[in-house]
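This is what each chain is made of:
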Amino acid sequence: MYTTNIQGAEELDKRYLARCIRKLKEWGAPLDHWECIDVIDVREDDEDGTLSECELCGCANVRYEHVMIHELYFETVTVGCICAGIMEGDILRAKERERRMRNRAKRKKSFIAKKWSQPEWDTYRRQHRGHEIMILQNPESYAVYVDGQVHLTYKGEVIRDFLSAAYRAFELTDPVKEVLTI
Ligand SMILES: [Zn+2]
(Lines give C-alpha, C1' and ligand atoms only; values in the text may rest on other atoms or scores of the structure.)
Protein backbone atom coordinates (compact mmCIF):
# COMPACT_ATOMS: atom_id res chain seq x y z
CA MET A 1 0.00 0.00 0.00
CA TYR A 2 1.26 3.46 -0.84
CA THR A 3 0.54 4.95 2.57
CA THR A 4 3.69 3.35 3.89
CA ASN A 5 5.75 5.31 1.34
CA ILE A 6 4.24 8.70 2.10
CA GLN A 7 5.53 10.66 5.09
CA GLY A 8 2.62 11.85 7.24
CA ALA A 9 -0.05 9.85 5.38
CA GLU A 10 -1.34 8.04 8.52
CA GLU A 11 -4.16 10.53 9.07
CA LEU A 12 -5.30 10.72 5.46
CA ASP A 13 -8.75 9.56 4.44
CA LYS A 14 -7.96 6.24 2.74
CA ARG A 15 -10.69 6.66 0.11
CA TYR A 16 -9.36 10.10 -0.83
CA LEU A 17 -5.85 8.70 -1.11
CA ALA A 18 -7.08 5.76 -3.22
CA ARG A 19 -8.93 8.19 -5.53
CA CYS A 20 -5.78 10.26 -6.03
CA ILE A 21 -3.67 7.20 -6.82
CA ARG A 22 -6.35 5.91 -9.21
CA LYS A 23 -6.42 9.26 -11.02
CA LEU A 24 -2.63 9.24 -11.49
CA LYS A 25 -2.88 5.71 -12.88
CA GLU A 26 -5.66 6.78 -15.29
CA TRP A 27 -3.38 9.52 -16.59
CA GLY A 28 -0.54 7.07 -16.98
CA ALA A 29 1.40 9.35 -14.65
CA PRO A 30 4.09 8.40 -12.15
CA LEU A 31 2.71 7.69 -8.66
CA ASP A 32 5.52 9.26 -6.66
CA HIS A 33 8.75 11.27 -6.71
CA TRP A 34 7.09 14.38 -8.11
CA GLU A 35 8.79 17.66 -7.33
CA CYS A 36 7.21 21.01 -6.51
CA ILE A 37 8.73 23.71 -8.72
CA ASP A 38 6.51 26.65 -7.80
CA VAL A 39 3.72 27.74 -5.50
CA ILE A 40 1.24 30.34 -6.70
CA ASP A 41 -0.95 32.31 -4.30
CA VAL A 42 -4.06 32.92 -6.41
CA ARG A 43 -5.12 35.63 -3.94
CA GLU A 44 -1.72 37.29 -3.86
CA ASP A 45 -2.96 40.68 -5.10
CA ASP A 46 -6.68 40.27 -4.50
CA GLU A 47 -8.09 38.92 -1.24
CA ASP A 48 -11.38 38.12 -2.94
CA GLY A 49 -9.79 36.49 -5.99
CA THR A 50 -11.30 33.27 -7.36
CA LEU A 51 -9.88 30.15 -5.74
CA SER A 52 -8.38 27.43 -7.89
CA GLU A 53 -9.28 23.79 -8.44
CA CYS A 54 -6.93 20.93 -7.63
CA GLU A 55 -6.25 18.99 -10.82
CA LEU A 56 -5.87 15.72 -8.95
CA CYS A 57 -8.78 15.54 -6.45
CA GLY A 58 -11.00 18.30 -7.86
CA CYS A 59 -11.18 20.28 -4.60
CA ALA A 60 -12.23 23.80 -5.59
CA ASN A 61 -10.89 25.73 -2.59
CA VAL A 62 -7.21 25.92 -3.45
CA ARG A 63 -5.55 29.23 -2.58
CA TYR A 64 -1.95 28.03 -2.91
CA GLU A 65 -1.36 26.13 -6.14
CA HIS A 66 1.53 23.68 -5.83
CA VAL A 67 2.96 23.18 -9.32
CA MET A 68 4.30 19.63 -9.64
CA ILE A 69 6.73 18.29 -12.19
CA HIS A 70 8.09 14.81 -12.99
CA GLU A 71 10.77 13.97 -15.51
CA LEU A 72 8.66 11.07 -16.81
CA TYR A 73 5.51 13.12 -17.35
CA PHE A 74 4.82 15.50 -20.24
CA GLU A 75 3.25 18.38 -18.32
CA THR A 76 3.09 20.02 -14.93
CA VAL A 77 0.16 19.25 -12.64
CA THR A 78 -1.28 21.98 -10.40
CA VAL A 79 -2.70 20.73 -7.11
CA GLY A 80 -3.56 21.65 -3.52
CA CYS A 81 -1.34 21.03 -0.50
CA ILE A 82 -2.29 17.45 0.47
CA CYS A 83 -2.35 16.18 -3.12
CA ALA A 84 1.11 17.72 -3.58
CA GLY A 85 2.26 15.79 -0.52
CA ILE A 86 0.90 12.54 -1.96
CA MET A 87 2.66 13.13 -5.27
CA GLU A 88 6.02 13.98 -3.70
CA GLY A 89 5.68 11.29 -1.04
CA ASP A 90 5.82 13.68 1.90
CA ILE A 91 2.67 15.31 3.29
CA LEU A 92 4.60 17.03 6.09
CA ARG A 93 6.87 18.74 3.62
CA ALA A 94 3.93 19.98 1.52
CA LYS A 95 2.22 21.27 4.67
CA GLU A 96 5.39 23.10 5.70
CA ARG A 97 5.54 24.72 2.24
CA GLU A 98 1.90 25.76 2.56
CA ARG A 99 2.57 27.20 6.05
CA ARG A 100 5.49 29.22 4.70
CA MET A 101 3.29 30.56 1.89
CA ARG A 102 0.67 31.66 4.42
CA ASN A 103 3.37 33.46 6.42
CA ARG A 104 4.64 35.10 3.26
CA ALA A 105 1.10 36.32 2.46
CA LYS A 106 0.96 37.88 5.95
CA ARG A 107 4.34 39.54 5.41
CA LYS A 108 3.10 40.95 2.12
CA LYS A 109 0.03 42.41 3.78
CA SER A 110 2.08 44.21 6.42
CA PHE A 111 4.67 45.21 3.82
CA ILE A 112 1.97 46.97 1.79
CA ALA A 113 0.42 48.61 4.86
CA LYS A 114 3.70 50.01 6.22
CA LYS A 115 4.67 53.61 5.47
CA TRP A 116 7.59 54.41 3.18
CA SER A 117 10.09 57.12 3.90
CA GLN A 118 9.95 59.80 1.25
CA PRO A 119 13.14 61.87 1.06
CA GLU A 120 11.93 63.55 -2.17
CA TRP A 121 8.43 63.86 -3.58
CA ASP A 122 9.19 61.26 -6.28
CA THR A 123 11.37 58.92 -4.21
CA TYR A 124 10.26 56.25 -1.73
CA ARG A 125 12.60 54.18 0.39
CA ARG A 126 12.26 51.09 2.52
CA GLN A 127 14.22 48.08 3.74
CA HIS A 128 12.85 44.53 3.66
CA ARG A 129 14.70 41.41 4.80
CA GLY A 130 18.05 43.15 4.53
CA HIS A 131 17.43 44.57 1.04
CA GLU A 132 17.48 48.28 0.18
CA ILE A 133 14.40 49.26 -1.81
CA MET A 134 13.82 52.49 -3.65
CA ILE A 135 10.80 53.34 -5.80
CA LEU A 136 11.18 56.23 -8.20
CA GLN A 137 8.12 57.88 -9.69
CA ASN A 138 8.64 58.86 -13.33
CA PRO A 139 6.15 60.92 -15.35
CA GLU A 140 4.28 57.83 -16.65
CA SER A 141 5.68 54.87 -14.80
CA TYR A 142 7.51 53.67 -11.71
CA ALA A 143 10.99 52.20 -11.40
CA VAL A 144 11.81 49.76 -8.59
CA TYR A 145 15.40 49.55 -7.34
CA VAL A 146 16.47 46.64 -5.17
CA ASP A 147 20.05 46.75 -3.90
CA GLY A 148 20.82 49.20 -6.71
CA GLN A 149 19.35 47.09 -9.56
CA VAL A 150 16.48 48.57 -11.53
CA HIS A 151 13.23 46.73 -12.38
CA LEU A 152 10.61 48.34 -14.64
CA THR A 153 7.85 45.71 -14.89
CA TYR A 154 5.50 43.75 -12.65
CA LYS A 155 4.02 40.50 -14.03
CA GLY A 156 5.26 41.44 -17.48
CA GLU A 157 3.68 44.91 -17.58
CA VAL A 158 5.12 48.39 -17.22
CA ILE A 159 4.48 49.60 -13.67
CA ARG A 160 1.83 52.36 -13.81
CA ASP A 161 0.81 52.69 -10.17
CA PHE A 162 2.52 52.79 -6.81
CA LEU A 163 0.84 49.63 -5.50
CA SER A 164 2.20 47.54 -8.38
CA ALA A 165 5.64 49.01 -7.70
CA ALA A 166 5.33 47.94 -4.05
CA TYR A 167 4.18 44.44 -5.13
CA ARG A 168 7.21 44.16 -7.38
CA ALA A 169 9.51 45.27 -4.57
CA PHE A 170 8.02 42.61 -2.30
CA GLU A 171 8.34 39.88 -4.94
CA LEU A 172 12.02 40.72 -5.39
CA THR A 173 12.90 40.87 -1.71
CA ASP A 174 10.70 38.01 -0.49
CA PRO A 175 10.68 35.54 -3.42
CA VAL A 176 8.60 32.34 -3.52
CA LYS A 177 11.74 30.40 -4.41
CA GLU A 178 12.87 30.88 -0.79
CA VAL A 179 9.66 29.14 0.33
CA LEU A 180 10.52 26.22 -1.97
CA THR A 181 13.90 25.53 -0.41
CA ILE A 182 12.71 23.31 2.42
ZN1 LIG B 1 -6.26 17.80 -4.36
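Scroll up to find the structure this text is about.
Residues numbered from 1 in each chain as written. Predicted model: local features only at pLDDT ≥ 70, side-chain atom pairs only at ≥ 80, totals over all residues. Heavy atoms only, no water.

(A) Local environment of unusual backbone geometry. If you check the backbone angles, Arg129 has positive phi at about 50° while not being a glycine. Looking at the secondary structure, you find Arg129 in the loop between β5 (123-128) and β6 (131-137). Overall, the relative accessible area of 44% leaves Arg129 in the partly exposed class. Its identity as a non-glycine residue notwithstanding, Lys155 has a phi of 50°, on the positive side. Looking at the secondary structure, you find Lys155 in the loop between β9 (153-154) and β10 (157-158). (Helix = DSSP H or I, 4+ residues; strand = E, 2+ residues; numbered from the N terminus. Buried < 20%, exposed > 50% of the residue type's maximum accessible area, 1.4 Å probe, protein only.)

(B) Up close: the sheet that holds strand β3 (residues 77-79). Strands sit in the order β1-β2-β3 across an open sheet of three strands; the sheet is antiparallel. Single-partner strands in this sheet number two, and they are β1 (35-41) and β3. Each adjacent strand pair in this sheet contributes to an overall mean axis angle of 30°, direction not counted. Note: strand β2 (residues 64-69) against β3, three bridges, orientation antiparallel. Along β3, the bridge assignment pairs Met68 with Val77. Along the sheet face, helix α3 (residues 91-113) touches β1 and β2 and points at about 135° away from the line of β2. (Pairing = 2+ DSSP bridges. Axes fitted to C-alpha atoms, helices over the stretch in contact; angles between N-to-C directions. Contact = heavy atoms within 4.5 Å.)

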